[in-house]
Amino acid sequence: MLTMKDIVREGHPALRERASKMTFPLSEEEQQMALDMLEFLKNSQDEDIAKQYELRAGVGLAAPQIGVTKQMIALLLPGEYEDDEPILNDVWVNPRVMRQSVKQTALKDGEGCLSVDREVPGLVIRPDKITVSFYDLEGQKKEMKLEGYEAIVVQHEIDHLNGIMFYDHINEADPQFLPKGVTVIG
């Protein structure tokens, strides 16, 4: 079971490296890593388990965040209501943004990251809509269109595969700078 001690923090070299593409079939170790990453997200969103193991809640986790520089991300975005099925509950291999909208968006309260133990104020401006191609754990190529919050989460995780941290997108001179036409959500 992954816990917060398995999550690498700012300053760890894996967070600034470009992750390598994965090949299929995935090894048993890689398949287990995928399951462990998804289990961490599930546990982090379960109030009792999170409290017991002192887990910070997360909706996404990239392999570099556990010190593995491979192109794999786990996503667990809960539905709008407690009993809803998750919007995303999957592990993606070699994900890539194929298309993105000109329209941009940002989360009102900024972004956070399991690998960052401090508040980083500022707006992270990202494309509002994206089309992502990726492979599932069996090696089947898929494509998905996302927008708003889901698109933001996926872009945040894909950034990790390219050595980019969310705060790299914040305007240093004016962290709350909001260009004309950018939609703020949340």
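Definitions and limits used
Residues numbered from 1 in each chain as written. Predicted model: local features only at pLDDT ≥ 70, side-chain atom pairs only at ≥ 80, totals over all residues. Heavy atoms only, no water. Pairing = 2+ DSSP bridges. Helix = DSSP H or I, 4+ residues; strand = E, 2+ residues; numbered from the N terminus. Axes fitted to C-alpha atoms, helices over the stretch in contact; angles between N-to-C directions. Contact = heavy atoms within 4.5 Å. Expected span 1.5 Å × (residues − 1). Buried < 20%, exposed > 50% of the residue type's maximum accessible area, 1.4 Å probe, protein only. Polar contact = N/O pair within 3.5 Å; in protein donor to acceptor, adjacent residues only side chain to side chain. Core = buried A, V, L, I, M, F, W, Y, C linked by side-chain atoms within 4.5 Å. UniProt positions renumbered as here; feature names shortened; annotations may be inferred.

A. Local environment of the sheet that holds strand E3 (residues 88-100). Spatial strand order, E1-E2-E3-E6-E7: five strands in an open sheet with antiparallel pairing. Whereas interior strands pair on both sides, the edge strands pair on one side only; in this sheet they are strand E1 (60-62) and strand E7 (141-147). The average angle at which neighbouring strand axes cross in this sheet is 40 degrees, direction not considered. Where helix H1 (residues 28-45) meets the sheet, it contacts E1, strand E2 (72-77) and E3, and its direction lies at approximately 30 degrees from that of E2. Contacting E1, E2, E3, strand E6 (129-135) and E7, helix H3 (residues 149-161) runs over the sheet at an angle of about 155 degrees to E2.

B. Local environment of H1. Helix length check: H1 (18 residues) gives 26 Å between terminal C-alpha atoms against 26 Å at 1.5 Å per residue, within 8%. Within H1, the full set of buried residues consists of Glu30, Met33, Ala34, Met37, Leu38, Phe40, Leu41, Asn43 and Ser44. Its buried side turned inward, H1 meets helix H2 (47-53), E1, E2 and E3.

C. Summary view of the sheet that holds strand E8 (residues 183-185). Pairing within the open sheet is mixed, and its three strands lie in the order E5-E4-E8. The sheet terminates laterally at strand E5 (126-127) and E8, the two strands that pair on one side only. Pairing between strand E4 (residues 104-107) and E5: two bridges, direction antiparallel. Paired with Thr105 across the two strands is Arg126, which belongs to E5.

D. Quick look at the side chain of Glu111. By the secondary structure assignment, Glu111 is in the loop between E4 and E5. Residue classification places Glu111 among the buried positions, given a relative accessible area of 10%. A distance of 2.8 Å separates polar atoms of two side chains, one belonging to Glu111 and the other to His156. Not counting residues up to four positions away in its chain, the partners in contact with Glu111 are Val120, Val124, Arg126, Ile152, His156 and Phe166.

E. Representation of the nonpolar core within the structure. Formed by 23 residues in total, the largest nonpolar core has its most connected members in Met37, Phe40, Leu61 and Met72. Contributions of two or more residues to this core are made by H1, E2 and E3. With six residues, H1 is the single largest residue contributor to this core. When near neighbours in sequence (up to four residues on either side) are disregarded, Phe40 contacts Leu2, Thr3, Met4, Ile7, Leu55, Arg56, Leu61 and Leu114.

F. Structural view of the UniProt feature "binding site: Fe cation" (unreviewed entry) in the chain. Per the UniProt annotation, the sites labelled "binding site: Fe cation" (unreviewed entry) are Cys113, His156 and His160. Across 48 residues in sequence, these annotated residues keep their C-alpha atoms within 10.3 Å of one another, forming a single compact spot. Mapped onto the secondary structure, Cys113 falls in the loop between E4 and E5. Not counting residues within four places of it along the chain, the set of residues in contact with Cys113 comprises Arg56, Gln65, His156, His160 and Phe166. Within the fold, His160 resides in helix H3. According to the relative accessible area criterion, His160 is buried, its value standing at 1%. Here His160 is in contact with Leu15, Glu17, Ala62, Pro64, Gln65, Cys113 and Met165, once residues within four sequence places are set aside.

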